[in-house]
Every structure is written in structure tokens, then in C-alpha cells.
Amino acid sequence: MLAFLFSGALFAQQSDAKATQMLKDAAMATGGWDKLYSMNDVSYDYDYRYVGTGKADVSEERYIFEGEHSYGRYSQHDINVAPGMEGEAVQSLVKGEPVIVVGGKMKTEPEMIGGTDFLRRANYYWFTMPYKLNDPGVIATAKGTESIDGTDYEVVNVTFDKDITGKEVNDEYILYLNPETKLIDRFYFSLPAMGVNAPVILMENEYEDIDGMKIVTTRRIYQPGENGQLPDEPQLVQKLTNVKFDNGFTAEDLMVK
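This structure is a prediction, so every number in the text was calculated from the model and none was measured. (Residues numbered from 1 in each chain as written. Predicted model: local features only at pLDDT ≥ 70, side-chain atom pairs only at ≥ 80, totals over all residues. Heavy atoms only, no water.)

1. Examining unusual backbone geometry
What is expected of a backbone is that most residues other than glycine have negative phi and most peptide bonds are trans. You will see that A82, though not glycine, has its phi angle at about 50°, which is positive. The backbone phi angle of K182 is positive, close to 70°, even though this residue is not glycine. Relative to the helices and strands, K182 is located in the loop between β9 (173-177) and β10 (184-191). We classify K182 as partly exposed; its relative accessible area is 38%. (Helix = DSSP H or I, 4+ residues; strand = E, 2+ residues; numbered from the N terminus. Buried < 20%, exposed > 50% of the residue type's maximum accessible area, 1.4 Å probe, protein only.)

2. A look at the nonpolar core
F127, V158, Y173, L175 and F245 are the most contacted members of the largest nonpolar core, which totals 46 residues. With six residues, helix α3 (residues 110-132) is the single largest residue contributor to this core. Among all residues touching F245, those that are not within four sequence positions of it are L36, M39, D41, V42, F65, F127, I210, D211 and I215. By size, the runner-up hydrophobic cluster in this structure holds 10 residues, among which are V99, V101, F249 and L254. (Core = buried A, V, L, I, M, F, W, Y, C linked by side-chain atoms within 4.5 Å. Contact = heavy atoms within 4.5 Å.)

3. Describing the pairing of strand β5 (residues 97-102)
Judged by how many residues are buried, β5 sits mostly within the fold: five of six residues are covered. Note: strand β4 (residues 89-94) against β5, six bridges, orientation antiparallel. Within β5, the position partnered with L93 by the bridge is P98. Connecting β4 to the next strand, β5, in antiparallel fashion are two residues, including K95 with a positive phi near 55°. Relative to strand β6 (residues 105-106), β5 is paired through two bridges, and the arrangement is antiparallel. Note on β6: the bridge partner recorded for V102 is K105. If you look at the hairpin formed by β5 and β6, you'll find two residues sitting between the two strands, and G103 has a positive phi there, around 60°. (Pairing = 2+ DSSP bridges.)

4. Quick look at empty space enclosed by the protein
A water-sized probe, rolled over the atoms, reveals where empty space remains. Under the definition given, this model contains one cavity of 30 Å³ or more. There is about 180 Å³ of room inside the largest cavity. Within the residue set of the lining of the largest cavity, elements represented by two or more residues are α3, β10, β11 (196-210) and β12 (213-222). By residue class, the composition of the lining of the largest cavity is 12 nonpolar, two polar and two charged. (1 Å grid on protein atoms, 1.4 Å probe; cavity = no way out; pocket = protein on both sides within 12 Å on 5 of 7 lines; lining within 4 Å. Points joined across faces, edges and corners; volume = space filled by probe spheres on them. Nonpolar A, V, L, I, M, F, W, Y, C, P; charged D, E, K, R; others polar.)

So, in C-alpha cells, the structure goes:
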């Protein structure tokens, strides 16, 4: 693990040209925003599972790229969505309005609405991450190379301008870009919403070719223990299957009523 992982204060607060270009190359390597946008929307089956526990969130996800509308229908919801509650859970974030229904009943508790808003945005972000890293407010800094399993990865630190994001505490990433494919094979990230303010959680990505796009269909997540060390095996595995673009969804189709 890189020594600068634990000290955000060491990072420069202005993007440099090299890092900015590498993020543009990563977006193009996955297919390019113009190609993704032309697909209009996507649906996929999502299995978000803690290894060896039986606990999982299993959903059908739907997103519309214009407007960043997000929808999830959960047949199993043990972790982030209404854990312990009976019945199917359905979330939507359409035109900025988060809505959740569990067991056929609309939920209005602030924590349920806030959790829905967070998760709908987060799931959409993970799917479109290579493109979102080129959004305004991203501060990217090249940090040299690091060799992992024989690959000399280009390392880029990403923070965000809070004046643009509107967040007092923003996420932070340390990206490892494959020099051959230009893809983001792995990265460390923070999770301020869950109290993790330093980029110490590791995610590894596996890609599949779908309709001319490079889509991350497997994510393996490693969380550090009390001693700060990462385990040898991931605690959490996320799988995307049955990925389909251009389904003809409208914003109204994604609304939960």
C-alpha cells in the first residue's frame, strides 16, 4: 500500500495535465461517454453480497443517463436497504426525488429517504465512474507508478472541489490505471457517509465486453481490519449480470408510486 494513502494533506489541490489526460483515456478505453449516452439507459441484475454470511442485497437496477435517474427493485435486502423488513423493496431517484416502498408501503422516515437518496446516487456512480471522473470539480494528481503482480500501474489521486460538489467532506480515490488497457483495474476509496474519511478500502474491478463497452461486472472489496491491514480475501463481492442497454425507459417508468 502506498505511503501517501493515509494523509490527504499531502495531495496537491490542483489537477495536473498528465492526470487529467489519464482519466480521459480511461473513459475512452471503456467506450467513451458519447457511446454510453447514445445507449440512453441500462438495466442489470445486481448481487451485492458479504462473502460467507448469506447476507446480500439483490436487485434489478435501471438507470437513465439523461438526468441520471436511478431505480432498484430488491428481492433480497439484508445490508443497505431496509434490513430486517419484510417484503420486496423498491427505490427510485427520479428528477431528484428519492422514494422507497417496502412490502407495498411507502416509507417516509428521514433515515429511509436519506438512505435511498445516497444509494441510488452511489449505484449509478459506480456504474458510470470512468465517465464521472471527468466531471467538473474533480481534482486529479498523478502520483507516479507502482508495480503490482508484474504490472507497473499509473497511480492517480482524485479529490473533489467542495465549492462545486457542495459537500463539506468529499470522497477520495487512489486509482490504479493499467498502462496497456488504460482501464482502472483497482482503486482505494474513502466512504465519508459511513465514517471512513481516508481512502483505505480497496476495490478490484473485472471487465466484460458488452455492446462495444467495457463494463465492470465484478467488484471485489477489501476493508482494513483494526490493525489497518487488508485481508487476503475480499469481504464483499458485487456482481452485475444480464446487462442490457437501450431498453426505452422513460423517467415515469422509473418512478415508484
